[in-house]
Amino acid sequence: EPEVTQTPSHQVTQMGQEVILRCVPISNHLYFYWYRQILGQKVEFLVSFYNNEISEKSEIFDDQFSVERPDGSNFTLKIRSTKLEDSAMYFCASSFGQSNQPQHFGDGTRLSIL
Amino acid sequence: AQSVTQPDIHITVSEGASLELRCNYSYGATPYLFWYVQSPGQGLQLLLKYFSGDTLVQGIKGFEAEFKRSQSSFNLRKPSVHWSDAAEYFCAGRYSGAGSYQLTFGKGTKLSVIP
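Residues numbered from 1 in each chain as written. Chains lettered and ligands numbered in written order. Predicted model: local features only at pLDDT ≥ 70, side-chain atom pairs only at ≥ 80, totals over all residues. Heavy atoms only, no water.

Draft legend 1. Inspection of the packing of aromatic side chains at higher detail. The tally for this structure, following the rule as stated, stands at 20 aromatic pairs over all chains. Aromatic pair Phe105(A) and Tyr36(B): ring centres 5.1 Å apart, planes at 80°, arrangement edge-to-face. Taken together, the residues Phe105(A) in strand 10 (residues 104–105) and Tyr36(B) in strand 5 (residues 32–38) connect one chain to another. Considered together, Phe105(A) and Tyr36(B) belong to a single accessibility category, that of buried residues. Taken together, a centroid distance of 5.9 Å and an interplanar angle of 45° make the contact between Tyr36(B) and Phe105(B) tilted. Pair noted here: Tyr36(B) is in strand 5 and Phe105(B) is in strand 11 (residues 104–105), with a separation of 69 residues, a long-range link. Residue Tyr36(B) shares its accessibility class with Phe105(B), and that shared class is buried. An aromatic cluster is built from Tyr35(A), Phe45(A), Phe91(A), Phe105(A), Tyr32(B), Phe34(B), Tyr36(B), Phe51(B), Phe90(B) and Phe105(B), whose rings are joined through pairwise contacts. (Phe/Tyr/Trp six-rings, centres within 6.5 Å; stacked < 30°, edge-to-face > 60°. Helix = DSSP H or I, 4+ residues; strand = E, 2+ residues; numbered from the N terminus. Buried < 20%, exposed > 50% of the residue type's maximum accessible area, 1.4 Å probe, protein only.)

Draft legend 2. The arrangement of the nonpolar core in detail. Core analysis: the largest hydrophobic core is formed by 26 residues, its most contacted members being Leu19(B), Trp35(B), Leu47(B), Leu48(B), Phe74(B), Leu76(B) and Tyr89(B). Of all the secondary-structure elements, those providing two or more residues to this core are strand 2 (10–14), strand 3 (19–21), strand 5, strand 6 (45–50), strand 8 (64–68), strand 9 (73–78), strand 10 (87–94) and strand 12 (109–114) of chain B. If we skip the residues at most four places from it in the chain, Leu76(B) touches Leu19(B), Glu20(B), Leu21(B), Trp35(B), Leu47(B), Leu48(B), Phe63(B), Glu64(B), Ala65(B) and Tyr89(B). Among the nonpolar cores identified, the runner-up in size contains 23 residues, and Leu46(A), Val47(A), Phe49(A) and Ile60(A) belong to it. (Core = buried A, V, L, I, M, F, W, Y, C linked by side-chain atoms within 4.5 Å. Contact = heavy atoms within 4.5 Å.)

Draft legend 3. Spotlight on the pairing of strand 4 (residues 31–37) of chain A. Residues and elements named next belong to chain A. The element strand 4 is extensively covered by neighbouring structure, given that 7 of its 7 residues are classed as buried. Neither face of strand 4 is open: one carries Tyr-31, Tyr-33, Tyr-35 and Gln-37, the other Phe-32, Trp-34 and Arg-36, and all of them are buried. Alignment of strand 4 against strand 5 (residues 43–50), held across 7 bridges, turns out to be antiparallel. Bridge assignment links Phe-32 to a residue of strand 5, and that residue is Phe-49. Between the antiparallel neighbours strand 4 and strand 5 lie 5 residues, among them Gly-40 with a positive phi of about 85°. As paired elements, strand 4 and strand 9 (residues 88–95) share 7 bridges and run antiparallel to each other. Bridge pairing in strand 9 links Gln-37 to Met-89. (Pairing = 2+ DSSP bridges.)

Draft legend 4. Expanded view of the environment of Ile113(A). Residue and element names in this part refer to chain A. Its location among the elements puts Ile-113 in strand 11 (residues 109–113). Given a relative accessible area of 7%, Ile-113 falls into the buried group. The spacing of Ile-113 and Ala-88 is 25 residues in sequence and 8.8 Å in space, taken between C-alpha atoms. Among all residues touching Ile-113, those that are not within four sequence positions of it are Thr-13, Gln-14, Met-15, Thr-82, Lys-83, Leu-84, Asp-86 and Ser-87.

Draft legend 5. View of the state of the cysteines. All names here are of chain A. Considering all chains together, one arrives at 2 disulfides over all chains under this definition. Put simply, Cys-23 and Cys-92 are joined by a disulfide, and their sulfur atoms are 2.0 Å apart. With the S-S dihedral at roughly -65°, the linkage between Cys-23 and Cys-92 falls on the left-handed side. A residue pair is termed long-range when its members are at least 10 positions apart, and Cys-23 in strand 3 (residues 19–24) and Cys-92 in strand 9 qualify at 69 residues. (Disulfide = S-S within 2.5 Å.)

Draft legend 6. Layout of the interface of chain B and chain A. At the interface, 21 residues of chain B touch 18 residues of chain A. Across the chain B to chain A interface the summed buried area is about 1,700 Å²; carbon plus sulfur atoms make up 54%. Counting across the chain B and chain A interface gives 0 salt bridges. In this structure, the connection of chain B to chain A is made through 6 residue pairs in polar contact (both at pLDDT 80 or more). Secondary-structure elements contributing two or more residues to the side of chain B that touches chain A are strand 5, strand 6 and strand 10 of chain B. (Buried area = accessible area lost by both parts, 1.4 Å probe. Salt bridge = Lys/Arg side-chain N within 4 Å of Asp/Glu carboxyl O. Polar contact = N/O pair within 3.5 Å; in protein donor to acceptor, adjacent residues only side chain to side chain.)

Draft legend 7. View of unusual backbone geometry. Looking along the chain, the bond that leaves Thr7(A) and enters Pro8(A) is cis, with omega of -10°. Of note, Pro8(A) is situated in the loop between strand 1 (5–7) and strand 2 (10–13). Phi at Ser72(B) is positive, roughly 50°, even though this residue is not glycine. Note on placement: Ser72(B) falls in the loop between strand 8 and strand 9. Judged by its relative accessible area of 27%, Ser72(B) is partly exposed.

Below, the structure is given as structure tokens:
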């Protein structure tokens, strides 16, 4: 069964550094998402992306965050200047459509900010 | 505001016993609802989904869930739990209209299974 893959599985970064989290969505999917889960808290929506544009974002997704689909297969989340509170598990998801199609998630990248 | 609530943080059941995990939602209109499972070190795997129609939905791994509009609930059930079902279970909802497709998650229920 096709799946969403995320790399790396664990990223350790110094505070203030830039980090890029990578995702390969399911190949025929058109809609892409990032969520995060801070330890002990709920999974929270960050952003959705379609047709090379952000279609929806939460208030968490401020100017330090950006997303990109640099080629036909990858979908990336960049955090420009990391803060301690960015430490979390980041999940990428994709769906074929939006209306009545479920989102399929990757295994996540654990981001640790030192 | 849209919300999904899972009242139970941790549930322990014996292997072979039945299971029901609770989920309540608060949306202006009937939402789309989902159950995901997360095993340790793994991602979120979709167990089942409800969009419309039959209120009893079947999922993978022998799970089912029932949508009850009158109770704003979407509880997950399994008649006989296996040790491999030990994991964290997340209920999630989404607005069923156009314009917003973000999932709102509950806090999760951790399931422990004792032999």
